[in-house]
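Below, each chain spelled out in residue letters.
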Amino acid sequence: MRWHFGRENFALERSPTLLPCKVYRHQSKLRRHLSGDPQDRLWQDNKVRNHALALPHLDGVLIRPGETFSFWRLVGRPSAARGFVEGMELSHGRARGGIGGGLCQIGNLLHWLTLHSPLLVTQRANHSFDPFPDQGRVIPYGTGAALFYNYIDLWLFNPTDQAFQLRLWMTDTLLNGEIRCEKRLPHRYRIIERDAGFVREETGWLRHNEIWRETIAKGEAGTTMATEFLYSNRVRTMYEPSEMP
């Protein structure tokens, strides 16, 4: 209802012309094989197919001043009729198949890009379980964004006086993302993990950490202008911490 009758002005325009200034870029592996199970391999391959259908609705989108980006407003329902296939979804910490499964990887990338920009995250859900041990993790745990059509969404608001642009594309092995803007920013951002660890309780293990962000002035001095607390994570793991690589 808020897509059509809410106060938000949603970003809908996509442009093939890139804005001139790069803010931040990141990439993640497309396939993360968790076992030798053929079902897992099929889900991973199907995830890539689902990405190929979703990315054209997101790549190049402009978020102008005062506009809100909504993942599902742009992508729409991931139905079989539109060509989406069964990928892996997480329900109560367990893997299961679902049409459009795997799109959370795009949400994770978009959220990580946003944390390195002035855009504000106004709607976002964290994953409620930690289902698998880390496998080549390069960013802090708990910085992802869960997605489930249409009530678990990712919204990004532009409070600045300039437009931002999202770029998303795939290679054979990687999902790539970039955020761009019209004018060079005078600062950059660094994401910090604090108080990270595992706690044993009667019902199992909990993983916890805190996510903080530093705003750092560009230039030789690199002065830290501000430090802000973003998130506190405390979720149940579906594995023993001894399984961590």
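The following refers to the structure shown.

Rules and cut-offs
Residues numbered from 1 in each chain as written. Predicted model: local features only at pLDDT ≥ 70, side-chain atom pairs only at ≥ 80, totals over all residues. Heavy atoms only, no water. Core = buried A, V, L, I, M, F, W, Y, C linked by side-chain atoms within 4.5 Å. Buried < 20%, exposed > 50% of the residue type's maximum accessible area, 1.4 Å probe, protein only. Helix = DSSP H or I, 4+ residues; strand = E, 2+ residues; numbered from the N terminus. Contact = heavy atoms within 4.5 Å. Polar contact = N/O pair within 3.5 Å; in protein donor to acceptor, adjacent residues only side chain to side chain. Pairing = 2+ DSSP bridges. Expected span 1.5 Å × (residues − 1). Salt bridge = Lys/Arg side-chain N within 4 Å of Asp/Glu carboxyl O.

## Section: the nonpolar core
Core analysis: the biggest nonpolar cluster contains 35 residues, and Leu58, Phe69, Phe71, Ile106 and Leu110 have the highest contact counts within it. Those elements that place two or more of their residues in this core are helix 2 (38-54), helix 3 (71-75), helix 4 (104-114), strand 9 (155-157), strand 10 (164-170) and strand 11 (174-181). With residues near it in sequence (within four places) discarded, phenylalanine 71 still touches Leu58, Leu103, Ile106, Leu110, Leu147, Asp153 and Leu154.

## So, the environment of asparagine 158
Structurally, asparagine 158 is set in the loop between strand 9 and strand 10. Each C-alpha atom, one on asparagine 158 and one on asparagine 46, is 33 Å from the other, the two residues being 112 residues apart in sequence. Within the structure, asparagine 158 has its side chain in polar contact with the backbone oxygen of glutamine 162 (distance 2.8 Å).

## A look at the environment of asparagine 46
Position of asparagine 46 among the secondary structure elements: in helix 2. Sequence separation of asparagine 46 and isoleucine 99 is 53 residues, and the distance between their C-alpha atoms is 9.4 Å.

## Concerning the sheet that holds strand 2 (residues 21-29)
Taken together, 4 strands build an open sheet; the order of strands is 2-11-10-3 and the sheet is antiparallel. Taken across any chain shown, the strands that pair with only one partner, and hence form the sheet edges, are strand 2 and strand 3 (62-63). Pairing analysis gives 7 bridges linking strand 10 to strand 11, with the strands arranged antiparallel. What sits directly across from phenylalanine 164, in strand 11, is cysteine 181.

## Comments concerning helix 2
Its 17 residues give helix 2 an end-to-end C-alpha distance of 24 Å, which sits within 8% of 24 Å, the value for a rise of 1.5 Å per residue. Listed as buried for helix 2 are Asp40, Trp43, Gln44, Asn46, Lys47, Val48, Asn50, His51 and Ala54.

## Comments concerning the pattern of salt bridges
Scanning the entire structure with this criterion turns up 11 salt bridges. Residue aspartate 59 is joined to arginine 167 by a salt bridge in which the shortest nitrogen-to-oxygen separation is 3.9 Å. Taken together, the residues span a long stretch of sequence, with aspartate 59 in the loop between helix 2 and strand 3 and arginine 167 in strand 10 at a distance of 108 residues. Since its relative accessible area comes to 26%, aspartate 59 is described here as partly exposed. With a shortest N-O distance of 2.8 Å, glutamate 178 and arginine 180 are connected by a salt bridge. Side by side, glutamate 178 and arginine 180 carry an identical accessibility label, which is buried. Among the ionic contacts, a cluster of salt bridges with common partners joins Asp130, Asp134 and Arg207.

Honestly, that's just the spatial picture; any functional story needs more than this.
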